[in-house]
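# Breakdown of the fold
Single-letter residue listing:
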Amino acid sequence: RVDLREFLHWYARLRSEQPDSAQKRLRETFDLLGGANGKLSKEALQRKLEEHFGICLDVDELLDRRHTGDLDLEEFGMLLQTPV
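One structure accompanies this document, and this report is about it. The structure displayed is predicted, hence computed values, not measured ones.

### Examining the pattern of salt bridges
The full count for this structure, using the stated rule, is two salt bridges. Where arginine 27 meets aspartate 31, a salt bridge forms, and the shortest distance between an N and an O atom there is 3.5 Å. In this pair, arginine 27 and aspartate 31 are both assigned in helix α2 (residues 19-32), four residues apart and thus about one turn of the helix distant. Residue arginine 27 is classed as partly exposed on the basis of its relative accessible area of 34%.

### A closer look at helix α1 (residues 4-16)
Look at α1: 19 Å from first C-alpha to last across 13 residues, which is about the 18 Å you get at 1.5 Å a residue. For α1, the complete set of buried residues consists of Phe7, Trp10 and Leu14. The buried residues of α1 occupy an angular sector of 65° when projected down its axis, which confines them to one face. Exposed residues on α1 whose side chains face more than 90 degrees from its buried face are Arg5, Arg15 and Ser16.

About the criteria used
Sequence positions are assigned chain by chain, starting from 1 and proceeding in written order. Where local features are concerned, this predicted model is filtered to residues with pLDDT of at least 70; where side-chain atom pairs are given and counted, the filter is 80 or more; whole-chain, interface and lining totals use all residues. Heavy atoms throughout the structure, all of them, feed into the side-chain values; hydrogens and water do not. What counts as a salt bridge is simple: a side-chain nitrogen of Lys or Arg found within 4 Å of a carboxyl oxygen of Asp or Glu. A helix here means a DSSP run of H or I that spans at least four residues, while a strand means a run of E at least two residues long, and both kinds are numbered starting from the N terminus. Note on exposure labels: buried denotes an accessible area under 20% of the residue type's maximum, exposed denotes more than 50%, and partly exposed covers the range between, all computed with a 1.4 Å probe on protein chains only. One less than the number of residues in a helix, times 1.5 Å, gives the span that helix is expected to have. Regarding the arc, it is the one traced by the directions from the helix axis to the C-beta atoms.

This is the structure:
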């Protein structure tokens with residue numbers, strides 16, 4: 001289990017790292033949050049963020065409802081870059 005402070009520390013590092021390193025961390029996070037076969041369920045992501053970090057997130061709102069179904073790695077990366 002990761003606490004909120006650790007998650008925020010990871011996120012800040014992701015934003016400031018070199019592209020190769022950032023891509024690796026993005027993939028690791030995607031996998032840890034339940035990404036399987038290149039897809040991550042939006043519902044599972046929302047549930048895990050709320051359960052583990054107390055973060056209530058509306059994925060559809062952040063992605064302007066452009067994406068339907070599961071998130072792929074690129075969409076997950078876009079989600080992390082979306083200002084809240």
